[in-house]
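# Examining the three-dimensional arrangement
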Amino acid sequence: MLALLDAYAADPMGAGEALSAGVRARLIPALRRVPGHLVLLAFDGRQAVGLAVCFQGFSTFRARCLLNVHDLAVRPGYRRRGVATALLTEVEAEGRRRDCCKLTLEVRDDNPAAEALYRKLGFGPGSAAGRPAQYRFLEKRIGH
């Protein structure tokens, strides 16, 4: 898991830089303390080639849980071979088992390949009052 996340972080579609030693040391123990987390790995033999890290949230408008896909990463040599589709299919199955009302994720504007995959799998704009509503993920960093 750490190797996949580190490769994803270093990728231009990730953060563009590898995980720091401190993050690598804290990640697994910290993740284990997060209630409702879901980590899925895809393997080719013994090698992990894909990863989905998800967190359970809550929809106040539907009074039900949701599952957010926080990280979806596939090793470059395995992209466009169905790994991400298989991971997202299992995320959806787990969301149904948890009785979630929806799956959520964010995609960068400059990653049309990922957006095309997500749309193919049924992801699209949210809705408000029965009309499509596009949401944009924003952030404010407040610490290291």
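Our structure is the block above this text.
First, a word on what this report is: a plain description of the structure on this page. Because the structure is a prediction, the values reported are computed rather than measured. (Residues numbered from 1 in each chain as written. Predicted model: local features only at pLDDT ≥ 70, side-chain atom pairs only at ≥ 80, totals over all residues. Heavy atoms only, no water.)

## Points about the overall build of the chain
Defined as follows: Strands here mean DSSP runs of E at least two residues long; helices mean DSSP runs of H or I at least four residues long; both are numbered from the N terminus. Throughout, radius of gyration means the C-alpha value; the globule benchmark is 2.2 Å times the number of residues raised to the power 0.38. Whether two residues are in contact is decided by their heavy atoms: any pair within 4.5 Å suffices. Here the open area of atoms and residues is found with the Shrake-Rupley method and a 1.4 Å probe, where only the protein chains shown may cover a residue.
Within the chain one finds four helices and six strands. Listing every helix and strand of the chain by position from the N terminus yields α-α-β-β-β-α-β-α-β-β. Over its C-alpha atoms the chain spans a radius of gyration of 16 Å, differing by no more than 12% from the 15 Å that the globule rule assigns to 144 residues. Principal-axis analysis of the C-alpha atoms gives the chain an extent of 45 × 35 × 30 Å. Look at the contacts in the chain between residues 6 or more apart in sequence, and 49% of them connect residues 24 or more apart. Accessible surface for the chain amounts to roughly 9,800 Å². Of this, 54% is attributable to carbon and sulfur atoms.

## Some points on the pattern of salt bridges
In a structure, side chains of opposite charge can pair up when their charged atoms sit close to one another. The line we're drawing: We count a salt bridge whenever a side-chain nitrogen from Lys or Arg sits within 4 Å of a carboxyl oxygen from Asp or Glu. With a 1.4 Å probe rolled over the protein chains alone, any residue whose accessible area is under 20% of its type maximum counts as buried; one over 50% counts as exposed, and the rest are partly exposed.
Counted according to the given criterion, the structure contains eleven salt bridges. Across the salt bridge formed by aspartate 109 and arginine 136, the nearest N and O atoms sit 2.8 Å from each other. Separated by 27 residues along the polypeptide, aspartate 109 in the loop between β4 (102-105) and α4 (112-120) and arginine 136 in the segment after β6 (131-133) bring together distant segments of the chain. When sorted by exposure, aspartate 109 lands in the same class as arginine 136, which is exposed. For glutamate 115, the salt bridge identified is with arginine 119, shortest N-O distance 3.0 Å. Of this pair, glutamate 115 and arginine 119 are both found in helix α4, four residues apart, which corresponds to roughly one turn of the helix. Glutamate 115 sits in the partly exposed class, given a relative accessible area of 28%. We classify arginine 119 as partly exposed; its relative accessible area is 42%. A cluster of three or more residues bridged by salt bridges with shared partners is formed by Glu90, Glu94, Arg97 and Arg98.

Note that all results are geometric; they support no functional claim without further evidence.
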